Protein chains: 2
Amino acid sequence: MAGVSIKTVSRVINKEGTVKPDTLQRVEEAIKALKYTPNKAARDLASKGASVLGYVYDNPNAYYIIDMQKGILDVCRKNNFELLIHPCDASSKNIAKELVDMVDTAQLAGLILSPPLSEMPEVLSELDQNQISYVRILSGDGLFPSPLPYVLVNDFKAAYDITEHLIGQGHKNIAFIAGEEIHKSTIERLNGYKAALEKAGIAIDESLIIKGTYSFETGVKSSETLLAMSPHPTAVFACNDEIAAGTLFGARMKGVDVPQELAIAGFENSPFSRQTFPPLTTASQPTNEIAQHAAASLIQYLRAKKAKAAHDNLNHTFIPELVVRASTEKQ
Amino acid sequence: MAGVSIKTVSRVINKEGTVKPDTLQRVEEAIKALKYTPNKAARDLASKGASVLGYVYDNPNAYYIIDMQKGILDVCRKNNFELLIHPCDASSKNIAKELVDMVDTAQLAGLILSPPLSEMPEVLSELDQNQISYVRILSGDGLFPSPLPYVLVNDFKAAYDITEHLIGQGHKNIAFIAGEEIHKSTIERLNGYKAALEKAGIAIDESLIIKGTYSFETGVKSSETLLAMSPHPTAVFACNDEIAAGTLFGARMKGVDVPQELAIAGFENSPFSRQTFPPLTTASQPTNEIAQHAAASLIQYLRAKKAKAAHDNLNHTFIPELVVRASTEKQ
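Residues numbered from 1 in each chain as written. Chains lettered and ligands numbered in written order. Predicted model: local features only at pLDDT ≥ 70, side-chain atom pairs only at ≥ 80, totals over all residues. Heavy atoms only, no water.

A count of helices and strands for chain A gives 12 helices and 12 strands. With 331 residues in all, chain A has 55% of them scored as buried. The contacts in chain A between residues at least 6 apart in sequence include a share of 70% that link residues at least 24 apart. When the accessible surface of chain A is split by element, carbon and sulfur atoms take 51% of a total near 14400 Å². (Helix = DSSP H or I, 4+ residues; strand = E, 2+ residues; numbered from the N terminus. Buried < 20%, exposed > 50% of the residue type's maximum accessible area, 1.4 Å probe, protein only. Contact = heavy atoms within 4.5 Å. Areas by Shrake-Rupley, 256 points an atom, 1.4 Å probe, with all protein chains shown as cover.)

Take a look at the structure:
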């Protein structure tokens, strides 16, 4: 329309200042007439990496999500990215298609996936087919074969350490309260618990393994079940701090003293674990750091992909560390 | 470049099928040569409302943010919008410019602002100058004059009710623990507290008003200060549930019984207030509903604006309701 080359239009749009005034005017008029808006997201991707990442999750744990968001946002800010969030129902049939549509609608550069979505082969293969870049945060083995980066959390080892600590405090009758099985972390933590018991020669008692969800309510209910047993277990390993806080609440309601009559350990090192009374023994899961690594890996991957360059190994593994507090201390 | 009218280009882009094959080919070649990507966000705005809203906040309260996000996302989902989140530092000098840039970079349709950003005239006037659409969630009076929609929370009335409840339980020596003063909610809650004391003929004792932040730590520290007084106050109204939970924790550390020796009330009705032992008296702030109203108002506003149509009154007021629990109950 302006009768100039593509290169010239590009120079005008990018304000390179090497265009003659009358040409500049013709191009600017054409841009105006065509209502042409340079697609900023696409331009940014071409020039320095696209502007918006998406964080996709299905998790009811407020602290986990906020810590994830904070960690991702720290890295986004440093790299001039914005963050779109997309909580979803991992059990929905159309979840994979929903994610592909979202990436298209919002023109996302890539996705950060946390469990259980990061652990679902059907979701990952749909993303692969649509050439969508992502980073996975996940627990345990059985990794979906994809060249895309991941951050692995070793829940097995951390759960083994917690159980070993409880055994070391003299406990033999130790209950386990589980979260949702759709989360691999639940399976890994249960396996770590079982392995530590076996190592110590303690028989696994299936009646002490209570199914539940990653919630305060599960803790309250499970403590009723466990405290009704005779004799009741002397220690509980709850699959996360919310369950542990609920178990503590339930014990208090029944006038059961913690830790004298019942030792309680959680998992995550969320504010819950520090703010209950007594504070909870837990495993310190560095959610903020995990999120930062995930976001940084994804951005590095996107840049390498754009430059058609090789990239370093972008994968990381974290082992949550045992934190001993008053809720399990020998008196 | 293709030698056709704008209208024809538009027909090709929108696949209207009323373009001759050779013209179609010329336009498609020009589009390809120019690497022209139709701006999807802008097109969506023109056709059915743009796709992405932004939620901007500066708040350390995980539960508040998660509830806000959930409420906004519920409405976004129903209306085919996505949500970008942008936590920021309200005290930063360039905050207004930062928001304008973000709206541009991410091609947002509009912003949802929560306190304190929603209460800062310098931010709002910069947004107005850049013709950015927004909805405000705010506390108290002194509304910035803008035709844009808002959701008002009447913290004064709710704080008055809580204080009146404490007085009704026989307390006269009632402390107040404040959050950040940059939040108008702090001022409004303090004013509600003072008004209820005055109404009951109780003199205001400035030494019982403790400055702090909306945090658990403020509660722990303030309880030390208050319990060191002789005689110490018999009741505390904490500006939110996190402060109240911290106050309860501090009282337990000192072996002070709640509510017999110290009654404690919070504000917000967050999970904190239900999960402490004893559970906390509080004011039920319907954050999820507030968020839903805000998002729905903004979307209605954007649609009316696009259609150049009038819209109904989109403003709402909420009064958080008193919820009495064991932490203030007469024994």
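Read on for the rest.
Attention now moves to the packing of aromatic side chains. With the rule as written, the count across this model stands at 13 aromatic pairs over all chains. Ring geometry for F216 of chain A against F249 of chain A: centres 5.5 Å apart, planes inclined by 65°, an arrangement best described as edge-to-face. Of this pair, F216 of chain A sits in helix α9 (residues 216-227) while F249 of chain A sits in helix α10 (residues 241-253), and the two are 33 residues apart along the sequence. The same class applies to F216 of chain A and to F249 of chain A, which are both buried. Ring pairs connect the aromatic residues Y63 and F272 of chain A together with Y63 and F272 of chain B, which therefore count as one cluster. The ring of F267 of chain A has R189 of chain A lying over it, and the distance from NZ or CZ to the ring centre is 3.7 Å. (Phe/Tyr/Trp six-rings, centres within 6.5 Å; stacked < 30°, edge-to-face > 60°. Lys NZ or Arg CZ within 6 Å of the ring centre and 35° of its normal.)

With that settled, the discussion passes to the sheet that holds strand β8 (residues 235-238) of chain B. Residues and elements named next belong to chain B. Strands sit in the order β7-β6-β8-β9 across an open sheet of 4 strands; the sheet is parallel. Across the chains shown, the open sheet's two edge strands, defined by having one partner strand only, are β7 (209-210) and β9 (263-265). As paired strands, β8 and β9 are joined by 3 bridges and run parallel to one another. Note on β9: the bridge partner recorded for V236 is I264. Each of β6 (174-177), β7 and β8 is contacted by helix α8 (residues 184-199), which is oriented at about 170° to β6, the strand it contacts most. Set on the sheet, helix α10 (residues 241-253) makes contact with β6, β8 and β9; between it and β9 the angle comes to about 160°. (Pairing = 2+ DSSP bridges. Axes fitted to C-alpha atoms, helices over the stretch in contact; angles between N-to-C directions.)

Glancing now at the packing of helix α7 (residues 155-168) of chain A against helix α8 (residues 184-199) of chain A. Residues and elements named next belong to chain A. Between α7 and α8, the least distance of the axes is 7 Å, while the angle of their chain directions is 40°. By the angle between their directions, the pair α7 and α8 is classed as oblique. Relative to α8, α7 is oriented so that their crossing is right-handed. From α7, D155, F156, A159, Y160, T163, E164 and I167 reach across to α8, where they touch S185, E188, R189, N191, G192, Y193, A195, A196, L197 and K199. Along the lines of polarity and charge, the residues of the contact of α7 with α8 split into 8 nonpolar, 4 polar and 5 charged. (Parallel < 35°, antiparallel > 145°, perpendicular 65-115°, else oblique. Left-handed = near helix turned anticlockwise from the far one by under 90°. Nonpolar A, V, L, I, M, F, W, Y, C, P; charged D, E, K, R; others polar.)

Another aspect to go through is the pattern of salt bridges. Counting across every chain of the model gives 10 salt bridges over all chains. Between D155 of chain A and R189 of chain A there is a salt bridge, with its nearest N and O atoms 2.9 Å apart. On the criterion of sequence distance, the pair formed by D155 of chain A in helix α7 and R189 of chain A in helix α8 is long-range, its members being 34 residues apart. Like D155 of chain A, the residue R189 of chain A is buried in the burial classification. Of the charged contacts, one joins E206 of chain B and K194 of chain B as a salt bridge, the two residues approaching to 4.0 Å between their closest N and O atoms. Of this pair, E206 of chain B sits in the loop between α8 and β7 while K194 of chain B sits in helix α8, placing them 12 residues apart in sequence. (Salt bridge = Lys/Arg side-chain N within 4 Å of Asp/Glu carboxyl O.)

Right, let's talk about the nonpolar core for a bit. In terms of nonpolar packing, the biggest core is built from 70 residues, with L53 and I112 of chain A together with L53 and I112 of chain B touching the most fellow members. If you look at the next biggest cluster of nonpolar residues, it comprises 50 residues, including Y134, Y301 and L314 of chain A together with V103 of chain B. (Core = buried A, V, L, I, M, F, W, Y, C linked by side-chain atoms within 4.5 Å.)

What follows concerns the environment of K157 of chain B. All names here are of chain B. In this structure, K157 sits in helix α7 (residues 155-168). Since its relative accessible area comes to 36%, K157 is described here as partly exposed. Along the primary structure K157 and P320 are separated by 163 residues, whereas in three dimensions their C-alpha atoms are 8.1 Å apart.

Bringing the confidence of the model for chain A into the picture now. All names here are of chain A. Here chain A shows a mean pLDDT of 89. Residues at 70 or above account for 85%. When the criterion is pLDDT under 50, residues 37-50 qualifies, and its contacts beyond four places in sequence or with other chains add up to 29 contacts. Listed scores for the predicted complex are pTM 0.81 and ipTM 0.77. (pLDDT = per-residue confidence, 0-100.)

All names here are of chain A. By the alternation rule, side chains of strand β6 (residues 174-177) split into I174 and F176 and A175 and I177, which are all buried. Here β6 runs beside strand β8 (residues 235-238); their pairing, made up of 4 bridges, is parallel. In the strand pairing of β8, F176 is matched with F237. Pairing geometry for β6 and strand β7 (residues 209-210), over 2 bridges, is parallel. If you follow F176 over to β7, its bridge partner there is I209. Traced from β6 through α8 to β7, the parallel crossover comes out right-handed. (Right-handed = clockwise from strand over helix to strand, strands pointing away.)

Pairing is mixed in the open sheet, where 12 strands are placed in the order β11(A)-β5(A)-β4(A)-β3(A)-β1(A)-β2(A)-β2(B)-β1(B)-β3(B)-β4(B)-β5(B)-β11(B). For this open sheet the edge positions go to β11 (316-318) of chain A together with β11 (316-318) of chain B, each flanked by a neighbour on one side alone. Here the average twist between neighbouring strands, direction ignored, is 20°. Of the pairings in the sheet, the one linking strand β2 (residues 82-87) of chain A to strand β2 (residues 82-87) of chain B comprises 3 bridges and is antiparallel in character. Counted as the bridge partner of L83 of chain A is I85 of chain B from β2 of chain B. In the packing of helix α5 (residues 95-105) of chain A onto the sheet, the strands contacted are β1 (52-57), β2 and β3 (110-113) of chain A together with β2 of chain B, and the crossing angle to β2 of chain A comes to about 155°.

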